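# Geometric and topological summary
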Amino acid sequence: EEAKVDALLDECVDHIQLQLESKNGTLQKHYRDGGVKLMVDRNHFLNTVINILDNAIKYSIGAPEIKVVTERTREHLILIISDKGLGMSKEEQKHIFDRFFRVSSGNIHNIKGHGLGLSYARGIVEAHGGRIQVESEKNKGSKFYIYIPLPHENKS
């Protein structure tokens, strides 16, 4: 269905707000997409973003610090979700979107999961004609980039 990206993202942020507050976390939003609308599978798109936000909370040391940013190019909406969490090595980044792969968290947290969330996220992003990538550095955090093609009428 057609949906405004900022409204979808606000819904995702609302969904994780209690979890974020319970860890004294903060989340900054910077929507710079001009109110763009996309054709999305609403539930799967929401689940994808919520999954990445949930990981940002789970893999944070101390109070999570998360940013959600949207940008727009001539061809794409770009969604950037960044955190200041545990981060990943270059080797871990190569496998982060593989099914059942989990980044080792050492003895810092007892982080639950099955290693399916980011594989699912990649599948949903690709089903929308887009791509997902990660930049990360150990002990500095991670930044996920989601590129979704703009519908023809939104391109300028």
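The structure contained in this document is the topic of the report that follows. (Residues numbered from 1 in each chain as written. Predicted model: local features only at pLDDT ≥ 70, side-chain atom pairs only at ≥ 80, totals over all residues. Heavy atoms only, no water.)

Moving on, we get to the sheet that holds strand S7 (residues 141-149). Spatial strand order, S2-S4-S5-S7-S6: five strands in an open sheet with mixed pairing. Both edges of this open sheet fall to strand S2 (26-31) and strand S6 (131-137), since each of them pairs with a single strand only. When strand polarity is set aside, the average angle formed by the axes of neighbouring strands in this sheet is 10°. Note: S6 against S7, seven bridges, orientation antiparallel. Of the residues in S7, the one forming a bridge with glutamine 133 is tyrosine 145. Here helix H1 (residues 5-22) sits on the sheet and contacts S2, strand S4 (65-72) and strand S5 (76-83); the angle it forms with S2, its principal contact strand, is near 175°. (Pairing = 2+ DSSP bridges. Helix = DSSP H or I, 4+ residues; strand = E, 2+ residues; numbered from the N terminus. Axes fitted to C-alpha atoms, helices over the stretch in contact; angles between N-to-C directions. Contact = heavy atoms within 4.5 Å.)

Moving on: the pairing of S7. The buried count for S7 comes to seven of nine residues, which makes it a mostly enclosed element. Of the strand pairs in this sheet, S5 and S7 are connected by seven bridges, and their pairing is antiparallel. Along S7, the bridge assignment pairs isoleucine 80 with tyrosine 145. Remark: three residues form the turn of the hairpin made by S6 and S7, two consecutive strands paired antiparallel; asparagine 139 in that turn has positive phi of roughly 60°. (Buried < 20%, exposed > 50% of the residue type's maximum accessible area, 1.4 Å probe, protein only.)

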